[in-house]
Amino acid sequence: MKRMLAFISAILLFLGVDLAIAPRTASQTASKSEVVRVGILQMMTHPALDQIHHGVVAGLKEEGLITGKNLKIDFLNAQGDQSNLKTMSQQLANKDSLLVGIATPAAQALANSAPKTTPIILAGISTPAASGLVKSEAHPGGNITGTSGLNPVSKQFALLHAIMPRAKKIGIIYTSSDHGGQTNAHAFAQVVKRAGLIPKMYTIANTNDLQQVASQMVSQVDAIYAPQDNGVASAMKTLVNVANNANIPVFPCAETMMPDGGLASYVISQKEMGRIAGVMAAKVLRGKNPATYPVATVKSGYYMINEKEMRKLHIKIPAAIVRAARQNGKVIE
Amino acid sequence: MNLITSSIGQGLLWALLGIALFLTFRILNFADMTVEGTFPLGAAITVTAITKGVSPLVAILLGFLGGAAGGLITGLLYTKGNIPILLAGILVMTGCLSVNLRIMGGSNVSLLGQKTFFSAKIFQTLPRYFDSVLIGGGTIILITILIALFLETDLGQAFIVTGDNQMMARSLGINTENMTILGLTLSNGLVGLAGALIAQNNGYADANMGIGIIVIALASIIIGEVVFGYLTLNQRLIAVILGSIIYRFVLLIVLQLGFSTNDLNLISAIILAVCLMLPKLRHALKLDGILRKGVSQNGK
C-alpha cells in the first residue's frame, strides 16, 4: 500500500510539474541544428511496405539528405499491433521535424498525434481523402500530403482483357478487413463492370480461408485478379496452386506477387512510390507548403510477365506486351 | 518530459481494459478472449456513430452497449450452450470481425476533422497530452469507483463468491450461471467503452485494432500485482490502473533505448513472463520476508 501511494504521488507530482512548465518546453522543440530529423512510422513488416520504406530513404538521398551526414531517420515499425501506434507516433512527433506514414493506420495515428505545424508525408496510402487524411488530393489543405498508391486498375484490366479476350467472369479476391485490398478490389470491379463483363467478389477473413474460398472461386470464374491486399499477397502461392490446378490464370496487381505465380501484370513500383514521397518530403523540409502541394498519384508503371506460368497454362500473351515487358519491364523466366 | 506525460495518458486510457478484464480474469477466474472482438466493436460503433452526427458522449455509451451485447452472447454460449469458455470467447471474437466490417462499411473509418471527446475546447488550452491524462484519468476513476461500489452490494458479493467457489456459491442459493453472464456482459461493456475512448483518441477505428490487446490487459493486471504485492480488493483495482501505466513506461523505455521495433513483441512477452514468474523466483531465491510468509500462508 505504501509503495502504491508513493507511486501515485510521484505520478501526480510529475504531472503537476509538467503542467507548470510544459508551455515553455513545447515551443523549444524546433531544433536549429544542421541535421534534419525525419520520423518514419510503418504499420508492419511486409515486402511492399518495406520497399516503400527503402524508396523514401532513396528519395531523401536523391535530394541531398543523407543519413549520417545531414539527416537522422527515426524508424518505427508497429508490427501490425495497432495498440502501439499511438505511443510510437507521439514519440516520433515529439522529436522529428517531418513525419512519414506508411500504410493507412500509421498515417492516421501520425496525423492525430502530431501538432498541426509538423508536416506529414504519406507514402503509398490508397485513398488519402477517403481516409480523412487530406481535404482533397488536389488541395490537401493541411499539414499532410504525399503519394497515393492507388493501383492502375484500368491498365491492369486492359492487360487481362488483351491476354484473355474470351474471359467473361472475373474473380476478385480480397481480405475483408484490409482497407487497401477492399478499395482496390472494388475499383477493379467497377472497371470490369464498365467493360460489360461480370466481376465476382470473394472475401477471406484471413489467409487460412484462402484455400477453401479459392477452390470455390475457380469453379465459377475464367480469370482471377489479386488486388493490393496484405492477406492475399502473403498467401499468393496458395492462390496460384488452386487456380493453376483448374487452369485459371491469376493476374496480381503488385510486383512482389508476380514471382509467386502471377501470369502478367502492369505494376507501379512500390519503391518508386516511396522514392517520390521521399523527394516530396525533402521539398517540404525546404519550405514547400504541404497545404498546396497536391498528392502525387503515381500512374506510370511497367509490364511484368511470367513465362513459366505461360507455359504451364498454355496461354499466349500478345507479342506487343511481351515486347514491352522485355524492353521496359520485367520477365520472369 | 512530454513523452512521460503521454505514457501516463495512454496508461490511464488502456487501464480501462485492465479493469474490465480483472472482473473475468481475476474474479471469475478465466481469460475471456471475447475482448479482442468487443474492443474493435466498441471502436467501430462509436466512430461510425460520430461520423453519422451522433454526439461523442452518446457514441461512447453506444460503444459500451455494443461491447456488453458481445459479452452477453459469450456468457450465453458458455452457460446455456455448454461451450468451453475459451472457445465461446474465440467464437464471439471471430464473429465480431464481420459485424465490425458491416458497422463500419469497410475496414477503416477515420475521425479526422470530426468532433470527438478529445477535441473539446477545454483540452485545446492545455499542454500536449493532458487531454488523454484528464479524460483517461477521469473515466478510470469514475469507473473504478462504480465497480468498487458494485462489488460492495449483495449482487457484487454474490459475483465474487461465484468466482471464489462455485459449489459454495450454489449452496448459498446464488445462480452462478447468471453471475457469470453478468460478469461477462459488464466486463465486455467496459471493453467496448475502452475501444470507444481509444478510437476517439487515436482518431480512427480499424477492423484489426483488437489484435493482441488481451496481452495489454493481462500485463496491466499482472504487473500491478507483482509491483504492489498483497492488497485488498479495492486496492487491487487501483494496482491494475498503475500496472497499466507501468506497462506504458516499459514500452517507452524499450523504444527510447532504441531497440528495433521488430523485437518489441518479444520484449513485452519476456517482461510479462518474468512478471508472472516473479513470485516463484522470489520464493526460490528465498527473498520473501518471514513476516509476509506468515501472513500469506496463515499458519499453515
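Residues numbered from 1 in each chain as written. Chains lettered and ligands numbered in written order. Predicted model: local features only at pLDDT ≥ 70, side-chain atom pairs only at ≥ 80, totals over all residues. Heavy atoms only, no water.

This next bit is on the overall build of chain B. Check the secondary structure of chain B and you find 13 helices and two strands. Radius of gyration (C-alpha) of chain B: 20 Å, near the 19 Å computed for a compact globule of 300 residues. With respect to the principal axes defined by its C-alpha atoms, chain B has extents near 60 × 50 × 35 Å. Within chain B, residue pairs in contact and separated by at least 24 positions form 77% of the contacts whose partners lie at least 6 positions apart. Accessible surface computed for chain B: about 12900 Å², of which carbon and sulfur atoms make up 68%. (Helix = DSSP H or I, 4+ residues; strand = E, 2+ residues; numbered from the N terminus. Rg over C-alpha atoms; globule rule 2.2 N^0.38 Å. Contact = heavy atoms within 4.5 Å. Areas by Shrake-Rupley, 256 points an atom, 1.4 Å probe, with all protein chains shown as cover.)

Secondary structure summary: chain A contains twelve helices and 13 strands in total. Its C-alpha atoms put chain A at 75 × 50 × 35 Å along the principal axes. A buried classification covers 56% of the 333 residues belonging to chain A. Counting contacts in chain A only where the partners sit at least 6 residues apart, residues at least 24 apart contribute 70% of the total. Carbon and sulfur atoms form 55% of the exposed surface of chain A, whose accessible area is close to 14000 Å². Taking the average location of the 33 positive side-chain charges in chain A and that of its 19 negative ones, the two points are 3 Å from each other. (Buried < 20%, exposed > 50% of the residue type's maximum accessible area, 1.4 Å probe, protein only. Lys, Arg positive; Asp, Glu negative; His and termini not counted. Charge placed at Lys NZ, Arg CZ, Asp CG, Glu CD.)

Residue and element names in this part refer to chain A. The strand order across the open sheet formed by six strands is β2-β1-β3-β4-β5-β11, and the pairing between neighbours is parallel. The open sheet has two edge strands, β2 (71–77) and β11 (296–297), and neither has a second partner. For strand β4 (residues 120–125) and strand β5 (residues 144–148), the ladder comprises four bridges, and the chain directions are parallel. Its bridge partner lying in β5, Leu122 is registered against Gly146. Strands β1 (36–42), β2, β3 (98–102) and β4 of the sheet are contacted by helix α2 (residues 47–62), whose axis makes an angle of about 165° with β1. (Pairing = 2+ DSSP bridges. Axes fitted to C-alpha atoms, helices over the stretch in contact; angles between N-to-C directions.)

Residue and element names in this part refer to chain B. Looking at where Thr24 falls in the secondary structure, it is placed in helix α1 (residues 2–27). Through-space distance from the C-alpha of Thr24 to that of Ile246 is 22 Å; in sequence the pair is 222 residues apart. Among residues more than four places away in sequence, those in contact with Thr24 are Asn29, Phe30, Asp32, Gly183, Leu184 and Ser187.

Checked against the element boundaries, Glu307(A) lands in helix α11 (residues 307–313). For Glu307(A), a relative accessible area of 15% puts it in the buried group.

A few words on the interface of chain A and chain B. By a widely used convention, the size of an interface equals the accessible area lost when the partners come together. Across the boundary between the two partners, chain A contributes 47 residues, which contact 53 residues of chain B. The interface formed by chain A and chain B holds zero salt bridges in total. For the pair chain A and chain B, the number of links is 14 residue pairs in polar contact (both at pLDDT 80 or more). Considering every element that reaches the side of chain A that touches chain B, the biggest residue donor is helix α1 (residues 2–27) of chain A, with 13 residues. Broken down by class, the residue content of the side of chain A that touches chain B amounts to 22 nonpolar, 20 polar and five charged. (Salt bridge = Lys/Arg side-chain N within 4 Å of Asp/Glu carboxyl O. Polar contact = N/O pair within 3.5 Å; in protein donor to acceptor, adjacent residues only side chain to side chain. Nonpolar A, V, L, I, M, F, W, Y, C, P; charged D, E, K, R; others polar.)

The next subject is the nonpolar core. Leu60(A), Val100(A) and Phe39(B) are the most contacted members of the largest nonpolar core, which has 142 residues in total. In contact with Phe39(B), other than residues within four places in its own chain, are Trp14(B), Leu17(B), Val191(B), Ala194(B), Gly195(B), Ile198(B), Met209(B), Gly210(B) and Ile213(B). Ala167(A), Ala185(A), Leu210(A) and Ile248(A) belong to the second largest nonpolar core, which has 53 residues in total. (Core = buried A, V, L, I, M, F, W, Y, C linked by side-chain atoms within 4.5 Å.)

On to helix α6 (residues 179–194) of chain A, then. Across its 16 residues, α6(A) extends 23 Å between first and last C-alpha, which sits within 8% of the 22 Å expected from 1.5 Å per residue. Among the residues making up α6(A), those that are buried are His179(A), Gly180(A), Gly181(A), Gln182(A), Thr183(A), Asn184(A), Ala185(A), Phe188(A), Ala189(A), Val191(A) and Val192(A). The inward-facing, buried residues of α6(A) contact α4 (104–113), α5 (153–163), β6 (169–175), β7 (198–204) and β8 (223–226) of chain A together with β1 (108–110) of chain B. For α6(A), the N-terminal cap is Asp178(A); the gap from its side-chain oxygen to the backbone nitrogen of Gly180(A) is 3.0 Å. Looking one or two residues beyond α6(A), the residue adopting positive phi is Gly196(A), at roughly 85°. (Expected span 1.5 Å × (residues − 1).)

All names here are of chain A. Taken together, the buried positions of helix α9 (residues 236–245) are Met236, Leu239, Val240, Val242, Ala243 and Asn244. At its buried positions, α9 is contacted by β6, α7 (210–218), β8, α8 (230–234), β9 (250–252) and α11. Directly beyond the C-terminal end of α9, a positive phi value near 65° is found at Asn247.

This part is about the sheet that holds β8(A). All names here are of chain A. Ordered by their spatial adjacency, four strands build an open sheet running β7-β6-β8-β9, and the pairing between neighbours is parallel. A single partner strand is all that each edge strand has here, and the edge strands are β7 and β9. Each neighbouring strand pair of the sheet contributes to a mean axis angle of 25°, computed without reference to strand direction. Relative to β8, β6 runs parallel, the two sharing three bridges. Along β8, the bridge assignment pairs Ile170 with Ala223. Strands β6, β7 and β8 of the sheet are contacted by α6, whose axis makes an angle of about 170° with β6. In the packing of α7 onto the sheet, contacts are made with β6, β7 and β8, and the angle to β7 comes to roughly 160°.

Scored by pLDDT, chain A comes out at a mean of 89, with 96% of its residues at no less than 70. The spread of mean pLDDT over the elements of chain A runs between α1(A), the lowest at 79, and β8(A), the highest at 96. (pLDDT = per-residue confidence, 0-100.)

Our focus in this paragraph is the pairing of β2(A). All names here are of chain A. Where burial is concerned, most of β2 is hidden: five out of the seven residues are buried. Bridge count for β1 against β2 is seven bridges, and the pairing is parallel. Note that in β2 the partner of Leu41 across the bridge is Leu76. Between the parallel elements β1 and β2, the chain passes through α2 in a crossover that is right-handed. (Right-handed = clockwise from strand over helix to strand, strands pointing away.)

As a further point, take the pattern of salt bridges. Residues and elements named next belong to chain B. Throughout the structure, instances matching the rule amount to 14 salt bridges over all chains. The closest approach of N and O atoms between Lys80 and Glu177, which form a salt bridge, is 3.1 Å. Of the two residues, Lys80 sits in the loop between α3 (56–79) and α4 (85–104) while Glu177 sits in helix α9 (residues 176–202), which places them 97 residues apart along the sequence. Taking the relative accessible area as the measure of exposure, Glu177 reaches 32% and is therefore partly exposed. Of the charged contacts in the structure, one is a salt bridge between Arg236 and Glu225, with a shortest N-O distance of 3.4 Å.

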